[in-house]
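# Commentary on secondary and tertiary structure
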Amino acid sequence: MTQALNSARLEALDVERLPPHWDGSIDSVLLQRATAQALLSIDRNLRHFGDDFPAPSSSGLQYPAIGNIEWTNGFWTGMLWLAYELTGAPHYRAGAERQVRSFHARQAGRQHTNHHDLGFLYSLSCVASHRLTGDPLAAEAALGAARLLLERYLPHAGIIQAWGELSDPAQQGRMIIDCNLNLPLLYWASEHSGEAAFRAAADSHIEAAARHIVRPDGSTFHTFFFDPASGRPLQGNTHQGFADDSCWSRGQAWGISGFPLVYRYNGNARLLQLAKVLANYFLNRLPADGICYWDLVFTSGGEERDSSAAAIAACGLLELEATLADDDPLRPAYRRAAIGIVQELSASYLVRDAAPGSGLLQHAVYHKPQGIGVDECCIWGDYFYLEALTRLQRNWRPYW
Ligand code: GLY
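Here's a quick rundown of the structure. Bear in mind that the values here come from a model prediction, so they are computed numbers and not experimental data.

Turning our attention to the packing of aromatic side chains. For the coordinates displayed, the defined rule picks out 26 aromatic pairs. Aromatic pair Phe-75 and Phe-120: ring centres 5.6 Å apart, planes at 50°, arrangement tilted. Of this pair, Phe-75 sits in helix H3 (residues 73-87) while Phe-120 sits in helix H5 (residues 118-133), placing them 45 residues apart in sequence. Comparing Phe-75 with Phe-120, the two get one shared label, buried. Aromatic pair Trp-254 and Phe-384: ring centres 5.7 Å apart, planes at 65°, arrangement edge-to-face. In this pair, Trp-254 sits in helix H9 (residues 249-266) while Phe-384 sits in helix H13 (residues 379-393), placing the two residues 130 residues apart along the sequence. Classification of Phe-384 by relative accessible area gives buried; the value is 1%. Each member of the aromatic cluster is reached from another via a ring pair, and the members are Trp-71, Phe-75, Phe-120, Trp-254, Tyr-366, Trp-380, Tyr-383, Phe-384 and Trp-400. Just above the ring of Phe-221 sits the side chain of Arg-215; from NZ or CZ to the centre is 4.2 Å. The ring of Tyr-281 is capped by Arg-285, whose NZ or CZ atom sits 3.5 Å from the centre of that ring.

As structure tokens, this is what we get:
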């Protein structure tokens, strides 16, 4: 790997920009209270949703109930596994195991599986289940999902196509930064099955992301197109960001978290370097309270925040902290920023007066250009917020 990887600029991290009270100290009382509030919310919603799932984003801070049909269903299952790990309480495990059976049926019947988000879905539900309990049905489902994901690999372009039929002219040859989080499922599948094809596809895809999605200034395109027949790289653009040449905050956060998670499997140190490039770009564009706007082009003013991007980035910064060499000069600042983000979310971004079906983390944005889930709760925001709380309170092995 790669010219663009080498030439993407590592901006100096402007630590003076971080809120002054982000001094790296953990407020244990705040984090314990926040964890208790998250568990209460999960208990309430486990009763409320039963065998249904929360929708991707809330309406009036309440999640509508849906079946197992969306790209986001695994986040709810992942929250149950986190709650089980945090407490050992059997009802969380029982709830998660019911959902694992639903995920098994979903991949076996190829229901709502025609997209790349199988990693989001199956890492947090079935890989988690297999890691925590050894459930063979969960492993079978995760491996089945990885096979479906591998079907989306375009050999000439060397990427996994994000959305749509492989023959759809509007979607052909499109990769997106979010897919970084889908790759761990492929690596897991190679380790579990001994089949090298999963790993080879993931290695190729992450290299393409490093080379083409990351821009020379350390920002990211949301999406990038290749000619699927020749494999020629075409152009980057956005889907959920402000503009083709702006930097969608959640995309940058998917990069900050996804590159180090892939590094865990493939050991390519350049991915860590690249994650630092993305992290510095992100942290240098935070507003005064340290919680990003929905696009990093905004650093002040009345646009909405995306608390979900902040939570994802916090997990990525903690993953970087866990992975970088002890003497890496950026390591302490990443920990400081991650703690600051999580504590700011806990203090000022949680839903108050929650009712059955309420989300946990408010002020997130799903899809601003289409007006979906704007200044609402997003179920992945809730998941990553709880993952970040977990990471700060114990030595946690990712489900990714
Ligand atoms: N992966 C889709 C999103 O972040 O909205």
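Near the ligand, the surroundings consist of Trp-71, Asp-178, Gln-240, Trp-248, Arg-250, Trp-254 and Tyr-366. Arg-250 places a side-chain nitrogen or oxygen 2.5 Å from an oxygen atom of the ligand. Contacts to the ligand include Trp-254, whose side-chain N or O atom sits 3.1 Å from an oxygen atom. The cavity that encloses the ligand is the largest pocket. Broken down by class, the residue content of the shell around the ligand amounts to four nonpolar, one polar and two charged.

Take the packing of helix H7 (residues 183-193) against H9 next. The packing of two helices is summarised by the inter-axis angle and the distance between the axes. Across the interface, H7 lies against H9 with an axial gap of 9 Å and an inter-helix angle of 15°. Taken together, H7 and H9 sit at an angle that is classed as roughly parallel. H7 and H9 meet at a crossing whose hand is left-handed. When H7 is examined against H9, the residues Leu-183, Pro-184, Tyr-187, Trp-188 and Glu-191 are found in contact with a partner set consisting of Leu-261, Val-262, Tyr-265 and Asn-266.

Per the stated rule, a full pass over the model turns up zero disulfides. Here Cys-292 stays unpaired: no disulfide links it, and the sulfur of Cys-247, its closest cysteine neighbor, is 10.0 Å away.

Reading across from one edge, S5-S6-S7 is the order of the three strands in this open sheet, with antiparallel pairing throughout. Each edge of the sheet is formed by a strand with only one pairing partner; in this case those strands are strand S5 (174-176) and strand S7 (233-237). On average, each strand axis in the sheet is tilted by 25° relative to the strand beside it, whichever way the strands run. Of the pairings in the sheet, the one linking strand S6 (residues 223-226) to S7 comprises three bridges and is antiparallel in character. Paired with Phe-226 across the bridge in S7 is Pro-233.

The pairing of strand S8 (residues 364-367) with strand S9 (residues 372-376) spans three bridges and is antiparallel. Note on S9: the bridge partner recorded for Ala-364 is Glu-376.

On to the packing of H3 against H5. Close contact between H3 and H5 brings their axes to 6 Å; oriented N to C, the two are set at 25°. It follows from the interaxial angle that H3 and H5 lie roughly parallel. Crossing of H3 over H5 shows left-handed handedness. The segment H3 lies against H5, with Asn-73, Gly-74, Phe-75, Thr-77, Gly-78, Trp-81 and Glu-85 engaging Phe-120, Leu-121, Leu-124, Ser-125, Ala-128, Ser-129, Leu-132 and Thr-133. Broken down by class, the residue content of the contact of H3 with H5 amounts to seven nonpolar, seven polar and one charged.

Parameters and conventions
Residues numbered from 1 in each chain as written. Predicted model: local features only at pLDDT ≥ 70, side-chain atom pairs only at ≥ 80, totals over all residues. Heavy atoms only, no water. Phe/Tyr/Trp six-rings, centres within 6.5 Å; stacked < 30°, edge-to-face > 60°. Helix = DSSP H or I, 4+ residues; strand = E, 2+ residues; numbered from the N terminus. Buried < 20%, exposed > 50% of the residue type's maximum accessible area, 1.4 Å probe, protein only. Lys NZ or Arg CZ within 6 Å of the ring centre and 35° of its normal. Near = heavy atom within 4 Å. Polar contact = N/O pair within 3.5 Å; in protein donor to acceptor, adjacent residues only side chain to side chain. 1 Å grid on protein atoms, 1.4 Å probe; cavity = no way out; pocket = protein on both sides within 12 Å on 5 of 7 lines; lining within 4 Å. Sits in = over half its atoms within 2 Å of the grid points. Nonpolar A, V, L, I, M, F, W, Y, C, P; charged D, E, K, R; others polar. Axes fitted to C-alpha atoms, helices over the stretch in contact; angles between N-to-C directions. Parallel < 35°, antiparallel > 145°, perpendicular 65-115°, else oblique. Left-handed = near helix turned anticlockwise from the far one by under 90°. Contact = heavy atoms within 4.5 Å. Disulfide = S-S within 2.5 Å. Pairing = 2+ DSSP bridges.

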